[in-house]
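So the chains spell out like this:
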Amino acid sequence: MANPISLIYEELYRHFGAQHWWPAKTRFEVMVGAILTQNTNWSNVERAINNLKKNKSLGPHKLRRLPRQKLARLIKSAGYYNIKAKRLKEFLKFLFESYQGNIKKMCLADTQELRRQLLSVNGIGPETADSMLLYALDKPVFVVDSYTKRILSRHRFIRDDEDYETIQNLFMQSLKKDIKIFNEFHALLVRLGKDACLKNKPRCDICPLRKMR
Ligand code: SF4
């Protein structure tokens, strides 16, 4: 590994170690979490997931049967709960219409076809689709988020307004097509964005990438 993107990965892994993502027990839980985490932090999502578990609703068939209003109440802590309940229902409709509610069947589908299908579901954008593909279905796609954009633009690898696909390609062309690396690297960038590369005042003094600026 010698290109700058690989060097960032090595440096972050050396500094922070393994991040053990995604924190979920089943593939379906990852997918639900990927929708719930839109525009909120993970602790709010955890509370919503725990409510679904307590209500014994965290499975494709059970969640499909749950009335939308009740679902919205159970996921209230995740914010935008009416919109997210609608998005979860849209996702479930897709899951049952295309894969009979069977996540194992989804795993067998072609990655690009699956990505195209997920992006056609109302409320699922590239970051959510790619999180599902990588962390729930073990598909080799890189997840780009606001932390990734901020870190790369501050190091002038990308423009401030670079589009999602260009950034994703930069990672996918610079790295071995390995789901373990894609999994770990995205988690490490999130960790860096939370610990050091803060939105308003980056803490370059404590950052493992300070020598690369
Ligand atoms: S905190 Fe500073 S050195 Fe670290 S990634 Fe952000 S801009 Fe780079």
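Residues numbered from 1 in each chain as written. Predicted model: local features only at pLDDT ≥ 70, side-chain atom pairs only at ≥ 80, totals over all residues. Heavy atoms only, no water.

1. Things to note about the domain arrangement of the protein chain
To keep things clear, this is the line we draw: Domain limits in this description derive from either an automatic procedure or a database domain assignment. Should any heavy atoms of two residues lie within 4.5 Å, those residues are considered in contact. Buried area is understood as the total, over both parts, of accessible area removed when two parts are fitted together, assessed with a 1.4 Å probe. Any carboxyl oxygen of Asp or Glu within 4 Å of a side-chain nitrogen of Lys or Arg constitutes a salt bridge here.
In terms of domains, the protein chain is made up of domain 1 (4–20 + 142–212) and domain 2 (27–136). Here the C-alpha centroids of domain 1 and domain 2 sit 26 Å apart. With twelve residues of domain 1 at the interface, the matching set in domain 2 holds seven residues. Between domain 1 and domain 2, a total of about 750 Å² is buried, with carbon and sulfur atoms accounting for 59% of that surface. Contact with domain 2 buries surface across domain 1, with Val143, Tyr164 and Asn183 losing the most and accounting together for 51% of the total. At the junction of domain 1 with domain 2, the criterion picks out one salt bridge.

2. What about unusual backbone geometry?
For clarity, the cut-off: The helix count covers DSSP runs of H or I at least four residues long, the strand count covers runs of E at least two residues long, and both are numbered beginning at the N terminus. Throughout this description, buried means an accessible area under 20% of the type-specific maximum (1.4 Å probe, protein chains only), exposed means over 50%, and partly exposed covers the range between.
Cis geometry marks the peptide bond from Trp21 to Trp22, where omega comes out at -5°. Summarising the element assignment, Trp22 is placed in the loop between helix 1 (4–16) and helix 2 (27–36). Phi angles above zero are rare outside glycine, and His20 is one such case at about 55°. Topologically, His20 is positioned in the loop between helix 1 and helix 2. According to the relative accessible area criterion, His20 is exposed, its value standing at 65%. We note that Arg156 has phi near 60°; this positive angle belongs to a residue other than glycine. Structurally, the position occupied by Arg156 is in the loop between helix 10 (146–154) and helix 11 (164–174). Of the residues examined, Arg156 reaches a relative accessible area of 72% and is grouped as exposed.

3. Brief notes about the side chain of Ser131
Residue placement: Ser131 occurs in helix 9 (residues 126–136). Ignoring any residue separated from it by four or fewer positions in sequence, one finds Ser131 in contact with Trp22, Val30, Ala34, Ala136 and Val143.

4. Observations concerning the packing of aromatic side chains
To be explicit about the condition: Any Phe, Tyr or Trp ring, taking Trp's six-membered ring, that has another such ring centre within 6.5 Å forms a pair; planes under 30 degrees apart are called stacked, those over 60 apart edge-to-face, and the others tilted. In this scheme, the term charge over a ring applies when either NZ of a lysine or CZ of an arginine sits within 6 Å of the ring centre and within 35 degrees of the ring normal.
What the rule picks out here adds up to twelve aromatic pairs. The interplanar angle of 45° and the centroid separation of 6.3 Å between the aromatic rings of Phe91 and Phe94 together place this pair among those described as tilted. Remark: Phe94 and Phe91 occur in helix 6 (residues 81–99); sequence separation between them is three residues, near one turn of the helix. The pair formed by Phe91 and Phe94 is uniform in burial state, with each residue classed as buried. When the ring centre of Phe96 is taken as origin, the NZ or CZ atom of Arg64, which lies over that ring, is 4.1 Å away.

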